[in-house]
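A structural walkthrough
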Amino acid sequence: MLYIEPMSEIAAQDTSQCKDREGAFIRSPASLVATGLLPESHSAGIAAVAARYAISISPVLAGLVDRSDPHDPIARQFVPDLRELESTVGELADPIGDKVHQPVPGIVHRYPDRVLLQPLKICPVYCRFCFRRESVGPGADQMLTDAELDAALAYIAGDPNIWEVIVTGGDPFALSPRRMRGLMLRIGAIDHVKIVRFHTRVPAVDPVRVTGELIGALKAVGKIVFVALHVNHPREMSPAARAACAMLIDAGIPMVSQSVLLRGVNDDPDTLAALMRCFVENRIKPYYLHHPDLAPGTSHFRLTVEEGQALVRSLRGRVSGLAQPEYVIDIPGGFGKSPAGPRFVGSDPDADGANALRIEDWKGRVHLYREGQAGDRD
């Protein structure tokens with residue numbers, strides 16, 4: 001069975017960095033109250049939330065929260081809220097349809113050339129808007145058994161069309177380096193898999209877990225490894241987080257970002273621009289900006305698609321092309337991601353003549369563009 005190191009234990013991990021991990025992980029309403037993240041009067045109500053959805057906040061994250069700000073964007077992502085018990089029309093336990101595409105436990109095969117591999121459903125921290133919130137959390141049954149892992153890897157080995165394996169969860173960086181190394185050795189033996197991508201929050205939320213031993217375990221002969229970092233607010237990129245990312249990148253592992261557009265966290269042009277610039281400044285290529293999924297009890301995080309498009313439009317011209325993410329929606333029911341960004345080009349029915357397009361520049365000015373007829377060029 002895949003072994004998960006207890007999150008409260010750090011064995012022989014860069015003791016010089018342990019000052020960033022002082023204190024315990026916060027996993028209960030009582031500890032939220034004790035650390036000043038929750039008023040005592042709210043404790044009983046939040047206990048009902050904790051009974052349904054896991055709570056875990058790392059010492060690093062707790063240290064980033066401004067307790068004088070009732071709308072702090074870090075707290076909003078991780079401190080439970082009574083509104084999580086309020087479900088609205090259209091919300092789904094499996095909002096992106098993972099189960100529709102699950103041929104064996106631990107595998108989601110939605111697209112022809114890539115699969116998700118979920119060796120565990122445990123995270124060091126739990127986001128209050130998580131689209132897998134109905135299935136992730138602590139517990140011995142949250143890890144693949146040896147037989148299930150064998151079957152998952154056999155499935156990958158049996159389909160030569162699978163070019164990329166995306167290791168997710170849960171958070172795969174919660175695996176011990178020893179187990180990570182064993183997993184990568186087995187993926188490395190599958191010739192047709194060329195790319196291995198890890199989706200994680202660990203470099204930002206628990207950066208001392210990013211050690212030379214873990215980084216070495218991520219590598220396999222003949223495989224290109226990427227790490228996709230989930231961060232939603234520039235303050236999450238603490239000095240320790242930046243150092244952890246630098247260790248990965250300096251070791252030859254490229255990084256991309258994925259963020260969720262969240263009301264009260266990053267739903268203004270300045271914050272969103274600062275976040276994307278922060279990624280680029282740390283050699284992380286902005287990749288996906290997700291529209292929030294229809295997970296139960298998350299309506300207080302969601303914007304309209306129109307609001308999201310306006311925010312993404314505000315980035316164009318405002319920040320470098322290097323800092324432009326792709327705004328996407330996961331279509332409910334398991335139909336995959338679709339680009340949802342604003343349109344800048346469209347036909348002009350009022351223009352005189354054919355092949356006329358209306359093109360909007362980054363300042364919102366509209367221009368007429370006429371295409372030459374096909375075959376005009378030698």
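Residues numbered from 1 in each chain as written. Predicted model: local features only at pLDDT ≥ 70, side-chain atom pairs only at ≥ 80, totals over all residues. Heavy atoms only, no water.

1. Points about the packing of aromatic side chains
Going by this rule: Working definition: rings of Phe, Tyr and Trp (its six-membered ring) pair if their centres are within 6.5 Å, and the pair is stacked with planes under 30 degrees apart, edge-to-face with planes over 60 apart, and tilted otherwise. Helix and strand labels come from DSSP, where a helix needs a run of H or I of at least four residues and a strand needs a run of E of at least two; each type is numbered from the N terminus. Burial status follows relative accessibility: with a 1.4 Å probe on protein chains alone, a residue under 20% of its type maximum counts as buried, one over 50% as exposed, and anything between as partly exposed. Charge over a ring is defined by NZ of Lys or CZ of Arg lying within 6 Å of the ring centre and within 35 degrees of the ring normal.
Under the counting rule described, the total for this entry stands at three aromatic pairs. Centroid distance Phe173 to Phe198: 6.0 Å. Interplanar angle 55°. Geometry classified as tilted. Taken together, the residues Phe173 in the loop between strand 3 (164-167) and helix 6 (177-188) and Phe198 in strand 4 (residues 195-200) connect sequence positions 25 residues apart. By relative accessible area, Phe173 is classed as buried at 1%. On the basis of an interplanar angle of 20° and a centroid distance of 4.1 Å, the ring pair of Tyr287 and Tyr288 is categorised as stacked. The class for Tyr287 is partly exposed, based on a relative accessible area of 29%. Above the ring of Tyr53, the side-chain terminus of Arg133 is found at 3.7 Å from the ring centroid.

2. Observations regarding the pattern of salt bridges
Selection criterion: Salt-bridge detection follows one rule: a side-chain nitrogen of Lys or Arg within 4 Å of a carboxyl oxygen of Asp or Glu.
Enumeration over the complete set of coordinates arrives at 18 salt bridges. When the shortest N-O distance is used, the salt bridge between Arg313 and Glu360 registers 2.7 Å. Of the two residues, Arg313 sits in helix 11 (residues 305-315) while Glu360 sits in strand 11 (residues 356-360), which places them 47 residues apart along the sequence. Taking the relative accessible area as the measure of exposure, Arg313 reaches 26% and is therefore partly exposed. One salt bridge in this structure joins Asp330 and Lys337, with 3.9 Å as the shortest N-O distance. Taking the relative accessible area as the measure of exposure, Lys337 reaches 30% and is therefore partly exposed. Overlapping salt bridges, with partners in common, bring together Glu84, Arg128 and Arg133 in one network.

3. Some remarks on the packing of helix 5 (residues 146-157) against helix 6
Short version of the rule: Axis definition: a line fitted to C-alpha atoms, limited for helices to the stretch in contact. Angles are taken between N-to-C directions and run from 0 to 180 degrees. Oblique is the label for any angle not under 35 degrees, not over 145, and not in the 65 to 115 range, which are roughly parallel, roughly antiparallel and roughly perpendicular in turn. Crossing handedness is read from the near helix: turned anticlockwise from the far helix by less than a right angle, it gives a left-handed crossing, and turned clockwise, a right-handed one. Residue contacts are defined here by distance: any two heavy atoms, one from each residue, within 4.5 Å place the two residues in contact. Side-chain classes follow a simple rule in which Ala, Val, Leu, Ile, Met, Phe, Trp, Tyr, Cys and Pro form the nonpolar group, Asp, Glu, Lys and Arg form the charged group, and the remainder, Gly included, forms the polar group.
Look at helix 5 against helix 6: their axes get within 10 Å of each other, and the N-to-C directions meet at 30°. One element, helix 5, and the other, helix 6, form an angle in the roughly parallel class. Here helix 5 and helix 6 pass one another in a crossing that is right-handed. Listed contacts from helix 6 to Leu149, Asp150 and Leu153 of helix 5 are Leu183, Arg186 and Ile187. Considered class by class, the residues forming the contact of helix 5 with helix 6 number four nonpolar, no polar and two charged.

4. Focus on empty space enclosed by the protein
Inclusion rule: Cavities and pockets were defined on a 1 Å grid built from protein atoms only: a cavity is a group of points that admits a 1.4 Å probe but offers it no way out, a pocket is an open group of points flanked by protein on both sides within 12 Å along at least five of seven lines, and a lining residue is one with an atom within 4 Å of any such point. Grid points are joined across faces, edges and corners, and a volume is the space filled by probe spheres set on the points.
Counting across every chain of the model gives three cavities of 30 Å³ or more. Approximately 60 Å³ is the volume found for the largest cavity. Forming the walls of the largest cavity are Tyr53, Ala54, Tyr126, Cys127, Arg128, Cys130, Arg133 and Val136. Grouping the amino acids of the lining of the largest cavity by side-chain chemistry returns six nonpolar, no polar and two charged.

5. A word on the side chain of Arg133
The following threshold applies: For this analysis, a polar contact is any N or O atom pair within 3.5 Å, provided that within protein one partner can donate a hydrogen and the other can accept it, and provided that sequence-adjacent residues contribute only side-chain to side-chain pairs.
By secondary structure assignment, the location of Arg133 is in the loop between strand 2 (114-117) and helix 5. Reaching out from Arg133, the side chain makes a polar contact with the backbone oxygen of Pro296 at a distance of 2.8 Å.

6. A short note on the nonpolar core
Operational definition: In this text, buried Ala, Val, Leu, Ile, Met, Phe, Trp, Tyr and Cys residues form a nonpolar core when linked through side-chain atoms within 4.5 Å.
In terms of nonpolar packing, the biggest core is built from 92 residues, with Ile57, Ile156, Val165, Phe173, Ile187, Phe198 and Leu248 touching the most fellow members. For this core, the element with the highest residue contribution is helix 10 (residues 269-281), accounting for six residues.

7. Some details on unusual backbone geometry
Cis geometry is adopted by the peptide bond preceding Gly170, which originates at Gly169 and carries an omega value of 15°. Topologically, Gly170 is positioned in the loop between strand 3 and helix 6. At Arg283, a residue that is not glycine, the phi angle is positive and equals roughly 65°. On the basis of relative accessible area, Arg283 is assigned to the partly exposed category, the value being 47%.

8. Side note on the sheet that holds strand 2
Condition: When DSSP finds two or more bridges between a pair of strands, those strands are recorded as paired.
Taken together, the nine strands give an open sheet; going across it, the order is 1-2-3-4-5-6-7-8-9, and neighbouring strands pair in mixed fashion. Sheet topology places strand 1 (107-111) and strand 9 (336-339) at the edges, where each strand pairs with a single neighbour. Strand-to-strand, the axes of this sheet are offset by a mean angle of 30°, without reference to chain direction. Contacts from helix 10 reach strand 6 (255-260) and strand 7 (284-290), with the element oriented near 145° to strand 7.

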